[in-house]
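Spelled out from the first residue to the last, the chains are:
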There are 6 protein chains.
Amino acid sequence: MRIGVPKEIKVHEYRVGLIPASVREAVAHGHEVLVEAGAAERMGVSDDDYRRAGAKIADTAAEVFANSELIVKVKEPQPKECAMLREGQTLFTYLHLAPDPKQAKALMKSGVTAIAYETVTSAHGGLPLLSPMSEVAGRMAIQAGAHCLEMEQGGRGMLLGGSAGVAPANVVVIGGGVAGVNAVRMGIGLEAAVTCIDINIERLYELDHRFGASINTIFSTRQSIEDYVLQGELVIGALGETHVDAARAIGA
Amino acid sequence: MRIGVPKEIKVHEYRVGLIPASVREAVAHGHEVLVEAGAAERMGVSDDDYRRAGAKIADTAAEVFANSELIVKVKEPQPKECAMLREGQTLFTYLHLAPDPKQAKALMKSGVTAIAYETVTSAHGGLPLLSPMSEVAGRMAIQAGAHCLEMEQGGRGMLLGGSAGVAPANVVVIGGGVAGVNAVRMGIGLEAAVTCIDINIERLYELDHRFGASINTIFSTRQSIEDYVLQGELVIGALGETHVDAARAIGA
Amino acid sequence: MRIGVPKEIKVHEYRVGLIPASVREAVAHGHEVLVEAGAAERMGVSDDDYRRAGAKIADTAAEVFANSELIVKVKEPQPKECAMLREGQTLFTYLHLAPDPKQAKALMKSGVTAIAYETVTSAHGGLPLLSPMSEVAGRMAIQAGAHCLEMEQGGRGMLLGGSAGVAPANVVVIGGGVAGVNAVRMGIGLEAAVTCIDINIERLYELDHRFGASINTIFSTRQSIEDYVLQGELVIGALGETHVDAARAIGA
Amino acid sequence: MRIGVPKEIKVHEYRVGLIPASVREAVAHGHEVLVEAGAAERMGVSDDDYRRAGAKIADTAAEVFANSELIVKVKEPQPKECAMLREGQTLFTYLHLAPDPKQAKALMKSGVTAIAYETVTSAHGGLPLLSPMSEVAGRMAIQAGAHCLEMEQGGRGMLLGGSAGVAPANVVVIGGGVAGVNAVRMGIGLEAAVTCIDINIERLYELDHRFGASINTIFSTRQSIEDYVLQGELVIGALGETHVDAARAIGA
Amino acid sequence: MRIGVPKEIKVHEYRVGLIPASVREAVAHGHEVLVEAGAAERMGVSDDDYRRAGAKIADTAAEVFANSELIVKVKEPQPKECAMLREGQTLFTYLHLAPDPKQAKALMKSGVTAIAYETVTSAHGGLPLLSPMSEVAGRMAIQAGAHCLEMEQGGRGMLLGGSAGVAPANVVVIGGGVAGVNAVRMGIGLEAAVTCIDINIERLYELDHRFGASINTIFSTRQSIEDYVLQGELVIGALGETHVDAARAIGA
Amino acid sequence: MRIGVPKEIKVHEYRVGLIPASVREAVAHGHEVLVEAGAAERMGVSDDDYRRAGAKIADTAAEVFANSELIVKVKEPQPKECAMLREGQTLFTYLHLAPDPKQAKALMKSGVTAIAYETVTSAHGGLPLLSPMSEVAGRMAIQAGAHCLEMEQGGRGMLLGGSAGVAPANVVVIGGGVAGVNAVRMGIGLEAAVTCIDINIERLYELDHRFGASINTIFSTRQSIEDYVLQGELVIGALGETHVDAARAIGA
């Protein structure tokens, strides 16, 4: 199969559909891979790195789209990209179509077969292409929250873990899914006082079993959310699968 | 040396100065050991156990006191026992003389050389005979506190560690010495939310380093004690070396 | 829906079907909640707490039963309560009918639709209303066992975790289900030497994986139970889902 | 004693010499405390909070300096402050005189008795007023380093702890003192691959004993520093007691 | 049912189909058990141990095979044993038929009903008779690898865990199944720097969640295997369910 | 200073006095280093590695001894080496003179100033050159013991950590010094049931505090040693500073 990897063009997207190691896998399985020039240079990966892995380099995105049966990307196709898709071609990327009817229509019009990463399901019912995003989002939420609590950033001037003789910050994670549990891990790792609120008692049981005395698990009710959010110095909403908001890093 | 081990006569004292394993050590070092009949029977240790370890059994305490150069006991000598002590004899036991001038006078009058366990100091400045009592006291404090929080005992009906979805009890340990740190360990072991308050910042640093996210260490001020004691479901005073009070296991 | 919450009348039952936070949830979903006066006062929750959560207060149980489509309780209905149930009404509570044919007949006669908490099954096959009881039972078993081993209670005078230089107690937990694993956690938390015996090798594998060097997992045979029970200072039977017996806290 | 607490005037210093809880302690010991108006308002602490703790409020720094026997501050006195100090008065604050001869001369000229926090030594040889600064510095170094590795900050776009299937960052901490060990703890807490390099083998032994498989301890030589710094994505110099530099958070 | 337990005759096989505790279970369920004389003597278990458990002892394997409806063994039947099997009889043992067509034909010819341990599947899809072998294999792999790295064995003279100031060995475990995860546990237990490579991202997530900062989980590609195998001092292939090879314990 | 590093000539000694990284340090401090050709080749370190670090290579040991003010070695000098030492020269190596009067006399005769590694004491009273040997010895003891328990080596066929459903081995470590504590760590790491016996109650307290439920600490008496040694599958004597014996890995 001819696989094409265009450079991502959405703002602030520095990643790429296939890294050289993945290209090498595809080539070893008998596929051809065509990568747009400079596709991963912002990650410190050169065209030569791709060539060594067995890819060919195309000068333009147009060339990639024109010559590939399968297009592998990261973010949803931008209008300019949708215009290059065609029937008989397959697109493999995150789509997140629900809030984006424009894109949905453009894809339907193109006739492409589009497979959304976020819907790929494993044999055990997991979402192996979505979960890693939730992992990263949950971990980043703590890092971003810690940063926002610094006084220089307008925060309260608190260290998440406090220090000897000084109380840690109360971190409240709402939602104990993949994003939530990763926020919990990092929050405990920085020695904060972490509470996780969820409506699924079986999930809370797993968290309690895993983190023991380091976590406070709370069943979700209007009352409990109100109580804990009011005493939290950092509140992280981890309700959707990948969407994480550090909603309230308290300022002075 | 002739060593004597009388049966303890203070109320609720079930222990004994030397257990058979200790007798065996003493005998192996060339000493003679004389144990009062039935000295350890309430611990499930028979006179024959002592005989097998190399001791001789005396019928009465008087016989033990009369024939021993060194008397090894657990608790401070009771008036009846003081009357049997004499010059040239050594007494080795807990004395706790400070609040007990009567005993002090009786000992002085007897002429005995009395060595208090609680004052024996190791090469590194530790108190190897007192510390184990503090260890036990600190551990028992959590056990006793957990018991008192049961509703059947008039408590608030709380499990120290809560359960999945239910918050744990706040356990506040005032004092981070040997007794305090053992209360902390057991409190964390039962998955309570443990705070330790101490005026020694270096000690708090050690506790923070050892227990990480599982402990909240707080520098002791009037304000912090007031704040934490008011929110504690179980408050343990661990200020003296062995004295531990579960001062406030909250009732309904 | 009109939801009724009578005061529990079974001896030693201090809990209540809905706490104020649950009432608030129900009201927010458009239901009416009628709570018997004083229903939770022994837990320190007043009628005004319920009113603030949106409930109405009824003077008598009869009023609650008469005006509710759904009755939410804790324990199985007592004969007096069964007499107030009627066709068209739903009862939601623990029933434990197996050993209680009298209650079964009374319920059938009343015509009520009774849903037993202990039979509610989650999407993953768990028992989300029964498991928390097992959690509590398993945790309490260690607390009760530790108490029974105190010499003042007629026990052997042993701390579960021993102390420096003194061996811990052998705690044997028969059954590695929810109750058993919670007994195991608390036993390890108090630093006892814990053995868990089960006939399910996959469950033992999970426990071994979770607790590592802190647990001894043993496949259940007549021989292994005999061997371990004989050397156990505290033996906990955790065979049924909620039933836990501290069968043998050894006395002197 | 009359104690004075002026507002800090050094740029970016938001802290204050005594918080209300400390004022309460001082007052309880019979001292008078005079606090400059607005001294802690940027920390969210009002003059009324100080009044409730027993302090009096002075309108100006000049009033505080003129009426106090002991001045308690955070940072070294600025020239304007030095000019208000006088013989017979004591100044208690961080001084860090070594690189600041101007200040040293101004203090000598004033005739004040100045006690530097950083030189206060405990009975065990520790530096109880300096160590907490090192704790904070070491913990902040990881937080700052993690932030700098974000691609948006010009970093390499790496999470310190990686994620499932993706390697963590190599964090190299040079120096295993108070600052270093706190950087190590936070780095391990965020699940990075942490190496600590020190020239003191006994200190490395302590770290190895405490962090086991989670840390790599390396004896410091030119060769080992060169080897590890070259492979580190985040290198933290923790050599002085409080000075910590995140010297090299690798960009793309 | 009449159950027969012959002595294993395959070279280096010291185990036995049923140990006395298992015999006791079978007898308690109403079965008769016939054990070949000396069947477990190399494990330190005598014929009298079997008699006490309720077994009868047969002088020869022939007698066992002739008089049993069910034969319980450890290893696949050797040709001599196949010749004693017959129609109507059941054989319960590890068979591993795939690479062994000779055995397959001999079994088919005998008419016996043979049930392979390695194919027995639990209600949850696990392999409860195969997994314990993988556990042992994974644990032994680390032990064997550590031994092979000793200089006396021709290895590099490295301790898996290094020591204070000296880096640990890099242990690379390829495959995160039961064997792999047990190798990981023991490798971390000895404080090595452990990397686990697997193609199943969900399995890597579980490992990362369980072992946190102590493990490096890597998604399997040609590139990642190449990279890690080249820097590994001990490489363990744990790809099959029970097959584990310590492929590369590096010599000098 | 001129520093000489001869090749070790004692049987089974593969190490060398200075590795290239140490040579580089010495040279950076202005010293000259002369290394015997092939000194470290059995460790995989070439003469060129030494040259790159700044050393000169000498063809013979005689040349090294003749031209160096300081000789740095690993093992005590053999008679041939003693003959090359001379007054005015310093020897730095392990000497262990106590059981070796011949060496002592040869050294005295040579007039060399010999400094034994094992006597170098740190500011805190530690033995920084001896302790690492004890660390290695303690860790190796577990590795060697695990190997000896394999049935192929004539052992009992036990895994130290057992497996799910199968009890671990009892490992008894006599002595809780540096060697003992490292044996304890590795024993717990392999998930054995570890008991440590010591006569120093303060040391036992530290071990109990560090290893909690994973260790059994026992005060040393004739009785306790007898009891535990009899039930231990692996008994490790760690009494001297570096001397560790795996005295009793039980065979069948």
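Notes on the structure in this doc start here. (Residues numbered from 1 in each chain as written. Chains lettered and ligands numbered in written order. Predicted model: local features only at pLDDT ≥ 70, side-chain atom pairs only at ≥ 80, totals over all residues. Heavy atoms only, no water.)

Before going further, it helps to spend a moment on the interface of chain F and chain B. Facing the 10 residues of chain F at the interface are 18 residues of chain B. Taken together, both faces of the contact between chain F and chain B bury some 1,200 Å²; the carbon and sulfur share is 46%. When the buried surface of chain F facing chain B is broken down by residue, Tyr205(F), His209(F) and Arg222(F) rank first, second and third, together holding 49% of it. Of the charged contacts in the structure, one is a salt bridge between Arg222(F) and Glu25(B), with a shortest N-O distance of 2.9 Å. (Contact = heavy atoms within 4.5 Å. Buried area = accessible area lost by both parts, 1.4 Å probe. Salt bridge = Lys/Arg side-chain N within 4 Å of Asp/Glu carboxyl O.)

Right, let's get into the nonpolar core. The biggest cluster of nonpolar side chains holds 59 residues, and the ones touching the most others in it are Ile142(B), Leu160(B), Val171(B), Ile142(C), Leu160(C) and Val171(C). The next biggest cluster of nonpolar side chains, apart from the first, holds 58 residues, and it includes Ala146(A), Ala192(A), Tyr205(B) and Val173(D). (Core = buried A, V, L, I, M, F, W, Y, C linked by side-chain atoms within 4.5 Å. Buried < 20%, exposed > 50% of the residue type's maximum accessible area, 1.4 Å probe, protein only.)

The two copies are related by a screw motion: chain F maps onto chain B through a turn of 120° and a shift of 0.0 Å along the axis, at an RMSD of 0.1 Å. The superposition of one copy onto the other is thereby described by a three-fold rotation axis. For chain F, the residue whose C-alpha comes nearest the rotation axis is Arg210(F), separated from it by 4.8 Å. (Least-squares fit on C-alpha atoms with pLDDT ≥ 70 in both.)

Turning our eyes to something else, we now look at the interface of chain A and chain D. Each partner contributes to the interface: chain A provides 26 residues, whereas chain D provides 26 residues. Here chain A meets chain D over a buried area of about 2,400 Å², counting both sides, of which 59% is carbon and sulfur. By the criterion of area lost to chain D, the three top residues of chain A are Gln143(A), Met151(A) and Leu159(A), representing 22% of everything that side buries. Where chain A touches chain D, the interface holds four salt bridges. There are 13 residue pairs in polar contact (both at pLDDT 80 or more) connecting chain A and chain D. Listed by contribution, the elements that provide at least two residues to the side of chain A that touches chain D are α6 (131-148) and α7 (178-189) of chain A. Looking at which element gives the most residues to the side of chain A that touches chain D, the answer is α6(A), with seven residues. Of the residues that constitute the side of chain A that touches chain D, the class distribution is 11 nonpolar, eight polar and seven charged. (Polar contact = N/O pair within 3.5 Å; in protein donor to acceptor, adjacent residues only side chain to side chain. Helix = DSSP H or I, 4+ residues; strand = E, 2+ residues; numbered from the N terminus. Nonpolar A, V, L, I, M, F, W, Y, C, P; charged D, E, K, R; others polar.)

Quick look at the sheet that holds strand β2 (residues 32-36) of chain F now. Across a sheet, paired strands are connected by hydrogen bonds in the backbone, their directions being either parallel or antiparallel. Residues and elements named next belong to chain F. Pairing is parallel in the open sheet, where six strands are placed in the order β3-β2-β1-β4-β5-β6. The open sheet has two edge strands with one neighbour each: β3 (56-58) and β6 (113-116). The sheet shows a mean angle of 25° between the axes of neighbouring strands, direction not considered. Across three bridges, the pairing between strand β4 (residues 70-72) and strand β5 (residues 90-93) is parallel. Each bridged residue has a counterpart across the sheet, and for Ile71 the counterpart in β5 is Leu91. (Pairing = 2+ DSSP bridges. Axes fitted to C-alpha atoms, helices over the stretch in contact; angles between N-to-C directions.)

A few words now on the packing of helix α6 (residues 131-148) of chain B against helix α6 (residues 131-148) of chain C. Between α6(B) and α6(C), whose axes approach to 10 Å, the crossing angle comes to 115°. Where α6(B) crosses over α6(C), the handedness of that crossing is left-handed. Where α6(B) abuts α6(C), its residues Gln143(B), Ala146(B) and His147(B) lie against Gln143(C), Ala146(C) and His147(C). Of the residues contributing to the contact of α6(B) with α6(C), the split by class is two nonpolar, four polar and no charged. (Left-handed = near helix turned anticlockwise from the far one by under 90°.)

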